[in-house]
Amino acid sequence: SDTVENEASLQYVRQSLFFSFGEELRFDLKTHELRARNTLTWRPSGRYALRYGVDLESNPVGDIFVNLPRPPKEGEEPLDFGAVDIITTDESFQIVLPGQFLEAELEPLEGLRLIPGLRLDYYTPPEAWSVDARLAVRHALNDASRGACLHCRFCILSRLTTNREV
């Protein structure tokens, strides 16, 4: 309809980061990220809109390999590079980050837009919720230039079923 709009997007990103200095120092990270977003906007007039969206970021496949020299303990003298114990990690991981947001878009004056919003995300790990209140202000200085300001308040809430601190 003229007042309701739905946008959906899907993105796949493969990333790889590798560096090494001999066999003692090696870092190899590979991820396959999947990002999806669906946004529903209701715009009853040109000066007001309400937007709801759902996001999903996921690393369904991730691998990390790290070889690092163990750092000296507090008070110990650094050892020669070859005499240091090597720490090795070789693991696979999976991360899922679902989120939702709700925002309003108000235009009280021509060229001035106020966009208050609220975002809710879930992080695994550490299995915690976050709430993010936002306020964006945009002002059209002229047809070619715009100014913007964004203020966020970020809060992580621990899982409701535990007394664990995050």
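Everything that follows concerns the structure shown earlier in this document.
Residues numbered from 1 in each chain as written. Predicted model: local features only at pLDDT ≥ 70, side-chain atom pairs only at ≥ 80, totals over all residues. Heavy atoms only, no water.

### Some points on the overall build of the chain
Working step 1: Within the chain, the regular secondary structure consists of zero helices and seven strands.
Working step 2: The order of helices and strands in the chain, counted from the N terminus, is β-β-β-β-β-β-β.
Working step 3: Here the chain holds 166 residues, and the buried ones make up 19% of them.
Working step 4: In the chain, of all internal contacts separated by at least 6 residues, the share reaching a separation of at least 24 is 50%.
Working step 5: For the chain, the exposed surface amounts to about 12,100 Å²; the carbon and sulfur share of it is 56%. (Helix = DSSP H or I, 4+ residues; strand = E, 2+ residues; numbered from the N terminus. Buried < 20%, exposed > 50% of the residue type's maximum accessible area, 1.4 Å probe, protein only. Contact = heavy atoms within 4.5 Å. Areas by Shrake-Rupley, 256 points an atom, 1.4 Å probe, with all protein chains shown as cover.)

### Comments concerning the packing of aromatic side chains
Working step 1: According to the stated counting rule, one finds three aromatic pairs in the structure shown.
Working step 2: Here Phe19 and Phe27 contribute two aromatic rings whose centre-to-centre distance is 5.3 Å and whose plane-to-plane angle is 15°, an arrangement assigned as stacked.
Working step 3: Note on Tyr122 and Trp129: the rings are 4.8 Å apart at their centroids and 55° apart in plane angle, and the pair reads as tilted.
Working step 4: Overall, Tyr122 belongs to the buried group, its relative accessible area being 16%. (Phe/Tyr/Trp six-rings, centres within 6.5 Å; stacked < 30°, edge-to-face > 60°.)

### Some points on a nonpolar patch on the surface
Working step 1: A surface patch of nonpolar side chains, amounting to about 570 Å² of accessible area, comprises Val4, Leu40, Trp42, Leu50, Tyr52, Val54 and Leu102.
Working step 2: Elements with a contribution of two residues or more to the nonpolar patch: strand E2 (25-45) and strand E3 (48-69).
Working step 3: Examining the composition of the nonpolar patch, we find that three residues originate from one element, E3, more than from any other.
Working step 4: Mapped onto the elements, Val4 comes out in strand E1 (residues 4-21). (Patch = residues over 30% accessible without salt bridge, like charges linked within 9 Å, V, L, I, M, F, W, Y side chains within 5 Å. Salt bridge = Lys/Arg side-chain N within 4 Å of Asp/Glu carboxyl O.)

### Here we look at the side chain of Asp132
Working step 1: Following the sequence through the fold, Asp132 ends up in strand E6 (residues 128-140).
Working step 2: A distance of 2.9 Å separates the side chain of Asp132 from the side chain of Arg134, its partner in a polar contact. (Polar contact = N/O pair within 3.5 Å; in protein donor to acceptor, adjacent residues only side chain to side chain.)

### Some details on the pairing of strand E5 (residues 112-123)
Working step 1: Where strand E4 (residues 86-109) meets E5, seven bridges bridge the pair, whose relative direction is antiparallel. Pairing of Gln100 across the sheet is with Leu120, part of E5.
Working step 2: Counted between consecutive antiparallel strands, the loop separating E4 from E5 contains two residues, among which Gly111 sits at a positive phi close to 90°.
Working step 3: As defined by bridge partners, E5 adjoins E6 across twelve bridges and the pair is classed as antiparallel. Along E6, the bridge assignment pairs Asp121 with Ser130.
Working step 4: If you look at the hairpin formed by E5 and E6, you'll find four residues sitting between the two strands, and Glu127 has a positive phi there, around 55°. (Pairing = 2+ DSSP bridges.)

### Notes on the environment of Ala136
Working step 1: Turning to its location among the elements, Ala136 is positioned in strand E6.
Working step 2: Excluding anything up to four places from it in sequence, Ala136 contacts Arg113, Leu114, Ile115, Cys149 and Leu150.

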